[in-house]
Structures are given as structure tokens and as C-alpha cells.
Amino acid sequence: MDATPVCDFPGCSGHGTITSRLSPEGYLVATGKKAYSFREAYRRFNYCEQHHDELMTGVWSRVRTPDDKRDGHVAPTAI
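Report on the accompanying structure. Because the structure is a prediction, the values reported are computed rather than measured.

### Description of the overall build of the protein chain
When helices and strands are counted, the protein chain shows 2 helices and 2 strands. What you see in the protein chain, going N to C, is helices and strands ordered as β-α-β-α. Within the protein chain, counting contacts between residues at least 6 apart in sequence, those at least 24 apart form 51% of the total. Of the roughly 5600 Å² of accessible surface on the protein chain, a fraction of 53% belongs to carbon and sulfur atoms.

This is the structure in C-alpha cells:
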């Protein structure tokens, strides 16, 4: 039996070989628990390589665009 998780990107049934703190929308999502580290503070997601690359491309383009700084979401680089 294959223990590799399924990609968490909506509509994808590929293998989730990359673990990330980014949600499918490209943001950090708090666990809601009292956390003492970054690893405990944010949920984990699994992605196939293609969807992880797409999410990272979106994050970096958003971080570099000054107009998107007011959307209320914490940039992955802010932590």
C-alpha cells in the first residue's frame, strides 16, 4: 500500500510529495492552537511538485507587488 498523501490542491489526485505551510490559496493558515514555534503555529499541506511550484510562483509575485500589501494576509516571509 502506498503511504504517500494525495495532493491537497483542489481537483488534483496526484501524490503530495512536498509538504508546505501554504494553503491551496497561497496563504499561511493558523492551527488555532497555542504554538511555540512556526512548525506548530501553521497547518501543513501536501502538494505534487507542479502545484507547489504554482503556489510558490504566486506567493513570490504577490510579495514583490506593492499593491497587494493591504489584503490582510501574512506573507510567508513575514514570520
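### Description of the side chain of S20
Mapped onto the fold, S20 is located in strand 1 (residues 18-20). Engagement of the side chain of S20 in a polar contact is seen with the backbone nitrogen of L22, the distance being 3.0 Å. Beyond its immediate sequence surroundings of up to four residues, S20 is in contact with R43, R44, F45, Y47 and H52.

### Points about the nonpolar core
C7, C12, L22, F45, Y47, C48, L55 and V59 together form the largest nonpolar core, which totals 8 residues. Ignoring any residue separated from it by four or fewer positions in sequence, one finds F45 in contact with D8, I18, T19, S20, R21, L22, S23, P24 and V29.

### As for the packing of aromatic side chains
Scanning all chains against the criterion turns up 2 aromatic pairs. On the basis of an interplanar angle of 45° and a centroid distance of 5.2 Å, the ring pair of F38 and Y42 is categorised as tilted. Consider the rings of F45 and Y47, whose centres lie 6.3 Å apart with planes at 25°: the pair is stacked. Exposure class is identical for F45 and Y47. Each is buried.

### A closer look at helix 2 (residues 49-64)
For helix 2, built from 16 residues, the straight-helix expectation of 22 Å at 1.5 Å per residue is met to within 8% by its first-to-last C-alpha distance of 23 Å. The secondary structure elements touched by the buried residues of helix 2 are strand 1 and strand 2 (45-47).

The rules behind the values
- Residues numbered from 1 in each chain as written.
- Predicted model: local features only at pLDDT ≥ 70, side-chain atom pairs only at ≥ 80, totals over all residues.
- Heavy atoms only, no water.
- Helix = DSSP H or I, 4+ residues; strand = E, 2+ residues; numbered from the N terminus.
- Contact = heavy atoms within 4.5 Å.
- Areas by Shrake-Rupley, 256 points an atom, 1.4 Å probe, with all protein chains shown as cover.
- Polar contact = N/O pair within 3.5 Å; in protein donor to acceptor, adjacent residues only side chain to side chain.
- Core = buried A, V, L, I, M, F, W, Y, C linked by side-chain atoms within 4.5 Å.
- Buried < 20%, exposed > 50% of the residue type's maximum accessible area, 1.4 Å probe, protein only.
- Phe/Tyr/Trp six-rings, centres within 6.5 Å; stacked < 30°, edge-to-face > 60°.
- Expected span 1.5 Å × (residues − 1).

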